[in-house]
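Given next are the chains, with one letter for each unit.
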Amino acid sequence: WARYYTSSGLTDGAINLYSLIVRKFSDNPKAQLALTYIIGLSDKNPQFNLRAFLEGLSANPLQISDLRAAAKDALVMVLNHQKQPQAAVELGSQLLQEYPNTQYEYTTLFNLFNIYQRDMKDESDAGAMLEQLKARYPDYELTLIAQYDMGDKVNWKKPKHFAMNPGMRSEERRVGKECRS
């Protein structure tokens, strides 16, 4: 039904159904996919408060860890988009501590790099994020992009990618469980 609502332009209905999936079936691998759809549809529905929704998910101890992590990861970008880069950095730092060696650490390091470099114009902290990316995720796609953005020479050989299957649990997304494309 949610896809029907989406294709019919009824984003309220789609968001409501996807939200139900996320809240009631958070242990289902499709919950993260539903969260992704909600994030994408939120731009088309100004009445939907994406930030409040993500804050609720990320603060709810009853949600499974992966769903909380995904919500926090998205919330970092929402806060930055709302011109609150310091709040985004604080939440991102918390996420780095809570989810080491996961895709969330990887994407958060890259997001923090971008926030420091582009939004806060802080080359020092951007450089620190880049150094962490290079140390922990050498030859990964986002690391190479960050290096390029900092003006480093980049070897664009086949970069490593995390297997971003929404059905995978964070334990399966640990460093070393990447795929090559």
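Please read these numbers as outputs of a predicted model, since none were measured by experiment. (Residues numbered from 1 in each chain as written. Predicted model: local features only at pLDDT ≥ 70, side-chain atom pairs only at ≥ 80, totals over all residues. Heavy atoms only, no water.)

**Student:** Would you mind going over the overall build of the protein in detail, with residue names and values included?
**Tutor:** In terms of helices and strands, the protein carries nine helices and two strands. Each helix (α) and strand (β) of the protein, taken in turn from the N terminus, gives the series α-α-α-α-α-α-α-α-α-β-β. Once local pairs closer than 6 in sequence are excluded, the contacts in the protein between residues at least 24 apart make up 47%. About 9,800 Å² of surface is accessible on the protein, with carbon and sulfur atoms providing 52% of the total. (Helix = DSSP H or I, 4+ residues; strand = E, 2+ residues; numbered from the N terminus. Contact = heavy atoms within 4.5 Å. Areas by Shrake-Rupley, 256 points an atom, 1.4 Å probe, with all protein chains shown as cover.)

**Student:** Residues and numbers for the side chain of Ser 42, please.
**Tutor:** Along the chain, the position of Ser 42 falls in helix α3 (residues 30–42). Take Ser 42: its relative accessible area is 8%, and that puts it in the buried class. Discounting chain neighbours no more than four positions away, the residues touching Ser 42 are Ile 15, Phe 48 and Leu 50. (Buried < 20%, exposed > 50% of the residue type's maximum accessible area, 1.4 Å probe, protein only.)

**Student:** Now, about helix α4 (residues 50–59): what can you tell me, with residues and values included?
**Tutor:** Listing the buried residues of α4 in full gives Leu 50, Phe 53, Leu 54, Leu 57 and Ser 58. All buried residues of α4 fall inside an arc of 125° around its axis, so they share one side. Among the structural elements, α2 (11–24), α3 and α5 (65–81) are those in contact with the buried residues of α4. Two or three places before Arg 51, at the start of α4, stands the capping residue Asn 49, its side-chain oxygen 3.3 Å from that residue's backbone nitrogen. (Arc of directions from axis to C-beta. Polar contact = N/O pair within 3.5 Å; in protein donor to acceptor, adjacent residues only side chain to side chain.)

**Student:** Mind laying out the pattern of salt bridges, listing which residues take part and the relevant values?
**Tutor:** For the structure on display, the rule yields seven salt bridges. Two residues, Arg 136 and Glu 105, come together in a salt bridge whose shortest N-O distance is 3.0 Å. Taken together, the residues Arg 136 in helix α8 (residues 123–136) and Glu 105 in helix α7 (residues 103–119) connect sequence positions 31 residues apart. Of the charged contacts, one joins Lys 157 and Asp 139 as a salt bridge, the two residues approaching to 3.5 Å between their closest N and O atoms. Taken together, the residues span a long stretch of sequence, with Lys 157 in the loop between α9 (141–149) and β1 (160–162) and Asp 139 in the loop between α8 and α9 at a distance of 18 residues. Overall, Asp 139 belongs to the partly exposed group, its relative accessible area being 30%. Through salt bridges with shared partners, a single network forms among Glu 131, Lys 134 and Asp 152. (Salt bridge = Lys/Arg side-chain N within 4 Å of Asp/Glu carboxyl O.)

**Student:** Provide a residue-level description of the side chain of Glu 105, including the pertinent values.
**Tutor:** Among the residues examined, Glu 105 registers a relative accessible area of 6% and is labelled buried. A distance of 2.2 Å separates polar atoms of two side chains, one belonging to Glu 105 and the other to Tyr 137.

**Student:** Please give an account of the packing of α7 against α8 that cites residues and values.
**Tutor:** It is at 8 Å that the axes of α7 and α8 come closest, and there the two elements cross at 155°. Our classification of the angle between α7 and α8 gives roughly antiparallel. In this structure, α7 meets α8 at a crossing whose hand is left-handed. Each of Glu 105, Tyr 106, Leu 109, Phe 110, Leu 112, Phe 113, Tyr 116 and Gln 117 in α7 lies in contact with α8, whose residues at this interface are Glu 123, Asp 125, Ala 126, Met 129, Leu 130, Gln 132, Leu 133 and Arg 136. Within the contact of α7 with α8, the residues separate by chemical class into 10 nonpolar, two polar and four charged. (Axes fitted to C-alpha atoms, helices over the stretch in contact; angles between N-to-C directions. Parallel < 35°, antiparallel > 145°, perpendicular 65-115°, else oblique. Left-handed = near helix turned anticlockwise from the far one by under 90°. Nonpolar A, V, L, I, M, F, W, Y, C, P; charged D, E, K, R; others polar.)

**Student:** I'd love a proper account of the nonpolar core, names of residues and values included.
**Tutor:** Judged by nonpolar contacts, the single largest core of 46 residues is most densely connected at Val 22, Leu 35 and Leu 54. Going through the elements one at a time, α2, α3, α4, α5, α6 (85–98), α7, α8 and α9 are the ones with two or more residues in this core. Sort the elements by how many residues they give to this core and α5 lands first, with nine residues. Beyond its immediate stretch of four places on either side in the chain, Leu 54 contacts Leu 35, Ala 71, Ala 74, Leu 75 and Val 78. (Core = buried A, V, L, I, M, F, W, Y, C linked by side-chain atoms within 4.5 Å.)

**Student:** Residues and numbers for the confidence of the model for the protein, please.
**Tutor:** Segments scoring low in pLDDT should not have their predicted coordinates read at a detailed level. Across the protein, pLDDT averages 85, with 87% of residues at or above 70. In the model of the protein, strand β2 (residues 178–180) stands out as the element of lowest mean pLDDT, 36, in contrast to α8, which has the highest, 97. For the stretch residues 164–181, pLDDT sits under 50, and the model shows 49 contacts to residues farther than four places along the chain or on other chains. (pLDDT = per-residue confidence, 0-100.)

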